Amino acid sequence: PGFLSKFFSPRGLVYVENWGQPGLKVPVLGFEDGQDLSITLPVERGLIVGDTGNNTIRLIDLTPAIPIVGTLSGHAGEPGTAPAVGADAIPVADARYNTPLGMAMDPGDSSILITDAKNNVIRRLTQSLEVTTAFDGFFEPAGMTFDDNGRLFIADTRNHLIKVFENGELKVLAGKQGIAGSKDSLFSSESTFNNPSGLQWMGDNLRLVVSDTGNHA
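We now turn to the structure provided with this report. (Residues numbered from 1 in each chain as written. Predicted model: local features only at pLDDT ≥ 70, side-chain atom pairs only at ≥ 80, totals over all residues. Heavy atoms only, no water.)

A few words now on the environment of Leu-170. Positionally, Leu-170 belongs in strand S15 (residues 169–175). When the C-alpha positions of Leu-170 and Ala-89 are compared, they lie 21 Å apart, and in sequence the two are 81 residues distant. If near-sequence neighbours (up to four positions away) are discounted, Leu-170 is found in contact with Phe-135, Asp-136, Phe-138, Ile-154, Lys-163, Val-164 and Phe-165. (Helix = DSSP H or I, 4+ residues; strand = E, 2+ residues; numbered from the N terminus. Contact = heavy atoms within 4.5 Å.)

As C-alpha cells, this is what we get:
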C-alpha cells in the first residue's frame, strides 16, 4: 500500500487519468514500494512523481481505496544517463536519471517530459513505457509547463534562462545566457534571472509565472 512506500526528496509530479498502454505493467518492488505486486496500465487516476534523491520516476495508482506505489522508470541508487542524446528509445527499466526534477505532460500525446537536471537534458517517457532524450543543451534544468497552445516553457536554471519550444524550435524566451541578475524589462531578452526554477502557466490573465529562486522572487 501507498502508506508503506518511501521516497527520497520527491520534487516534480503530474496528475494523470487513463494513462498508459493497456496491458503493460509497472512493477512494485519490495517494501519500498509497498508490497510485491504490479500496477496494470492504464491507471484510471494517478500521480507520476520525480523521486529526485532516488533518481527514479514513480507511479502512484490512486484508483484503489488504498493507493499503490510502483517504480515506473530508473533504478533506485543507480544514477546514470540513458538513453544517450540521439539514441533510439529504450524501455523504461533501462533508463537512468541523475536528479530528475520538473515534470510536464505533453498535451499532444500525454507523454511525460522530465527535466533530468544533472544530465542537462529533457527526457520523454511515453505511454508505451519507452524513454527518449527529447532535448539537450541545458545546464541543470528544473521546472516546465505547457501553455494553452501547446508551447513548452523550460527553466534552464543554471544558465539563468527561460526557454520555449514552439514550431519545432527550442529558443531563449527570456534572460541572458550565464548572467545572473534581477532586471525587469518590457523586452524579455533584456530581463535577467538568478537560477529560475519553477514555472506555471496561469492562462491569459497572468500568463507565465516564474519562481526566480536566486532572487527570492
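Okay, back to it.
Moving on, we get to the nonpolar core. Counting residues in each nonpolar core, the largest one holds 24 residues, and the members touching the most others are Trp-19, Ile-48, Ile-57, Leu-59, Leu-72, Ile-112 and Leu-125. Elements that contribute at least two residues to this core include exactly strand S1 (13–19), strand S2 (25–28), strand S4 (43–51), strand S5 (56–61), strand S6 (68–73) and strand S9 (112–116). It is S1 that contributes the most residues to this core, three residues altogether. Those residues in contact with Ile-112 that sit more than four places away from it in its chain are Val-14, Val-16, Trp-19, Ile-48, Met-103, Ala-104, Met-105, Arg-123, Arg-124 and Leu-125. Counting residues in hydrophobic clusters, the runner-up holds nine residues, among them Ala-104, Met-144, Phe-146 and Ile-154. (Core = buried A, V, L, I, M, F, W, Y, C linked by side-chain atoms within 4.5 Å. Buried < 20%, exposed > 50% of the residue type's maximum accessible area, 1.4 Å probe, protein only.)

The residue Lys-163 is located in strand S14 (residues 161–166) in this model. Looking at Lys-163, its side chain comes within polar contact range of the main-chain oxygen of Gly-137, at 3.3 Å. (Polar contact = N/O pair within 3.5 Å; in protein donor to acceptor, adjacent residues only side chain to side chain.)

This part covers unusual backbone geometry. Here the bond from Leu-41 into Pro-42 is cis, since omega is 0°, no more than 30 degrees from zero. Looking at where Pro-42 falls in the secondary structure, it is placed in the loop between strand S3 (37–40) and S4. Looking along the chain, the bond that leaves Ala-82 and enters Pro-83 is cis, with omega of 5°. Topologically, Pro-83 is positioned in the loop between S6 and strand S7 (90–91). Positive phi values are uncommon outside glycine, yet Thr-99 reaches one of about 70°.

Here the focus is the packing of aromatic side chains. Summed over all chains, the structure comprises two aromatic pairs. Centre to centre, the rings of Phe-153 and Trp-201 are 5.9 Å apart; their planes meet at 5°, and the pair counts as stacked. With Phe-153 in strand S13 (residues 152–156) and Trp-201 in strand S16 (residues 196–201), this pair connects stretches of sequence that are 48 residues apart. Directly above the aromatic system of Phe-138 lies the positively charged group of Lys-163, at a separation of 4.8 Å from the ring centroid. (Phe/Tyr/Trp six-rings, centres within 6.5 Å; stacked < 30°, edge-to-face > 60°. Lys NZ or Arg CZ within 6 Å of the ring centre and 35° of its normal.)

Read from one edge to the other, the open sheet built from four strands follows the order S12-S13-S14-S15, with strand pairing classed as antiparallel. A strand with exactly one partner marks an edge of an open sheet, and here the two such strands are strand S12 (144–146) and S15. Shown here is a sheet whose adjacent strand axes are inclined to one another by a mean of 25°, direction ignored. Where S13 lies against S14, five bridges are found, and the strand directions are antiparallel. Counterpart to Asp-156 in the pairing with S14 is Leu-161. (Pairing = 2+ DSSP bridges. Axes fitted to C-alpha atoms, helices over the stretch in contact; angles between N-to-C directions.)

We now examine the pattern of salt bridges. Following the criterion strictly, the structure yields 12 salt bridges and no others. Arg-58 is paired through a salt bridge with Asp-51; the nearest N and O atoms lie 2.4 Å apart. For the pair Arg-58 and Asp-51, one class covers both residues: buried. Across the pair Glu-166 and Lys-171 runs a salt bridge, and its minimum N-O distance is 3.3 Å. With a relative accessible area of 34%, Lys-171 lands in the partly exposed category. (Salt bridge = Lys/Arg side-chain N within 4 Å of Asp/Glu carboxyl O.)

Right, let's talk about the sheet that holds S5 for a bit. With respect to topology, four strands assemble into an open sheet ordered S1-S4-S5-S6, the strand pairing being antiparallel. The strands lining the two open edges of the sheet, one partner per strand, are S1 and S6. Taken over all neighbouring pairs, the strand axes of this sheet differ in orientation by 30° on average, direction set aside. Sheet analysis places S1 next to S4, joined by six bridges and oriented antiparallel. Opposite Glu-17, over in S4, you have Arg-45 as the bridge partner.

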